[in-house]
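Observations on the model geometry
What follows is each chain in one-letter form.
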Amino acid sequence: MRTFVRRLAVAGSLLAALVVPITSASSASTAAPQFASTDGLQVLDVQTIDARSYDVSVLSGNLGRPVHIRVLLPVHYADNPDAHFPVLYLFHGTSGRASDWMTAGDAENTTAPYDVITVMPECGFDGDGGFWFTDWVDKTTSHGPSQFESYLIDQLVPWVDDNLRTIPAREGRAVAGLSQGGYGAAEMAARHPDLFTVMASFSGAPENDAITVNRSG
C-alpha cells in the first residue's frame, strides 16, 4: 500500500506541475456534480461514497457491458461553484478494478492537497484481465466489442468534461497508471498528444507479446 501511495503522490505532484490556473465560469454553474448520459454513454447508476467520491456505472456500445468509473473531486469543489479544475485520469493494473487507487492507494487522502479532479475508469473485466487500451479486432468475443480506446477517448473524456467542471483542454489533462495501466497511460498520451499534457507510468509494460496479439487479432 505504501508503494501505491508514493506513486499517487508523484502523480499528484505532476498535476501541480501543470501550472494550470483554476478558472472561473458563470455563476450558473452548480456545485454538486450532475452525472448525466451523453451521446454513446449511458449512466446506469450513481453511488455517492462520500462528499468527494462517487462510483458511476455506465454502459457504452463500444464495450457492450456496464463498467464502473470512480470520480474523486477536489476538497473545495463544492465550495467553489464557479471554478473549473484540471483532471487526472488514473488507470489501475491488470486484474484490478476502478476502486483500486481508492482502496489500495489512499487516493482520497493523497489527492486532498491538490485542486484536481481524479477519474479512475475500469480498465478490465471486473478483476479478470484487462483491455490493453486498444480497440479489439475481433468484436465477437465473450467480452463483447471491447473497443476500449474508442470508449476512453471518444466517450469517457467528453463525458467527464460535460458532467464536471473541468478545464476541457490539453493543458488541463494528465494521465497516469500502474502496470498495465502504466502502459495505457503511455499509449494514450502517445496516441493522443492533443488530449494530455502530462503522463506518468508506474511499473508500466510498454512492450510485450500480449499487446501485439490484441492489436493484430
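Residues numbered from 1 in each chain as written. Predicted model: local features only at pLDDT ≥ 70, side-chain atom pairs only at ≥ 80, totals over all residues. Heavy atoms only, no water.

What the chain contains, in helices and strands, is six helices and nine strands. Every one of the 217 residues in the chain was classed for burial, and the buried ones make up 51%. Residue pairs in contact within the chain that sit at least 24 positions apart in sequence constitute 69% of those at least 6 positions apart. Counting only carbon and sulfur atoms, one obtains 51% of the accessible surface of the chain, whose full area is about 9300 Å². (Helix = DSSP H or I, 4+ residues; strand = E, 2+ residues; numbered from the N terminus. Buried < 20%, exposed > 50% of the residue type's maximum accessible area, 1.4 Å probe, protein only. Contact = heavy atoms within 4.5 Å. Areas by Shrake-Rupley, 256 points an atom, 1.4 Å probe, with all protein chains shown as cover.)

This part covers the packing of aromatic side chains. Overall, the coordinates contain eight aromatic pairs when judged by the stated rule. Seen in terms of ring centroids, Phe91 and Phe133 are 4.9 Å apart; in terms of plane orientation they differ by 45 degrees. Their pairing is tilted. Of the two residues, Phe91 sits in strand 6 (residues 87-91) while Phe133 sits in the loop between strand 7 (117-121) and helix 4 (148-163), which places them 42 residues apart along the sequence. Judged by relative accessible area, which is 1%, Phe91 ranks as buried. A relative accessible area of 0% places Phe133 in the buried class. For the pair Phe148 and Tyr151, a centre-to-centre distance of 5.7 Å together with 50 degrees between the ring planes defines the contact as tilted. (Phe/Tyr/Trp six-rings, centres within 6.5 Å; stacked < 30°, edge-to-face > 60°.)

So, on to the sheet that holds strand 7. In space, the seven strands of this open sheet follow the order 2-3-4-7-6-8-9, with mixed pairing throughout. The open sheet is flanked by strand 2 (41-48) and strand 9 (198-202), the only strands paired with a single partner. The average undirected angle you get between the axes of adjacent strands in this sheet is 20 degrees. Against the sheet, helix 5 (residues 180-191) engages strand 6, strand 8 (173-178) and strand 9, with an angle of about 150 degrees to strand 8. (Pairing = 2+ DSSP bridges. Axes fitted to C-alpha atoms, helices over the stretch in contact; angles between N-to-C directions.)

Taking 1.5 Å as the rise per residue, helix 5 with twelve residues should run 16 Å; its terminal C-alpha atoms sit 16 Å apart, in good agreement. Across the twelve residues that make up helix 5, a large majority, nine, are buried. By the burial criterion, the buried members of helix 5 are Gln180, Gly181, Gly182, Tyr183, Gly184, Ala185, Glu187, Met188 and Ala189. (Expected span 1.5 Å × (residues − 1).)

With that settled, the discussion passes to the environment of Ser99. With respect to the helices and strands, the residue Ser99 is situated in the loop between strand 6 and helix 2 (100-103). The sequence separation of Ser99 and Pro121 amounts to 22 residues, and the corresponding C-alpha distance is 8.5 Å.

Quick look at the nonpolar core now. Residues Tyr89, Phe91, Tyr151 and Trp159 are the most contacted members of the largest nonpolar core, which totals 41 residues. Listed by contribution, the elements that provide at least two residues to this core are strand 2, strand 3 (53-60), strand 4 (65-72), strand 6, strand 7, helix 4 and helix 5. One finds Leu88, Leu90, Met120 and Val198 within the second-largest nonpolar core, a separate group that totals 14 residues. (Core = buried A, V, L, I, M, F, W, Y, C linked by side-chain atoms within 4.5 Å.)

So, about the pattern of salt bridges. If the charged atoms of two oppositely charged side chains come close together, the side chains can form a pair. As enumerated under the stated definition, the model contains five salt bridges in all. Across the salt bridge formed by Asp55 and Arg70, the nearest N and O atoms sit 2.8 Å from each other. Of this pair, Asp55 sits in strand 3 while Arg70 is found in strand 4, placing the two residues 15 residues apart along the sequence. For the pair Asp55 and Arg70, a shared accessibility class is recorded, and that class is buried. Between Glu122 and Arg65 there is a salt bridge; the shortest N-O distance is 3.6 Å. (Salt bridge = Lys/Arg side-chain N within 4 Å of Asp/Glu carboxyl O.)

For strand 7, the buried fraction is high: five of the five residues fall into the buried class. Side chains Ile117, Val119 and Pro121 of strand 7 all project onto a buried face; the interleaved residues Thr118 and Met120 project onto the opposite face, where all are buried too. Examined bridge by bridge, strand 4 and strand 7 share four bridges and lie antiparallel to one another. Pairing of Ile69 across the sheet is with Pro121, part of strand 7. For strand 6 and strand 7, the ladder comprises three bridges, and the chain directions are parallel. Across the sheet, Tyr89 pairs through a bridge with Val119, a residue of strand 7.

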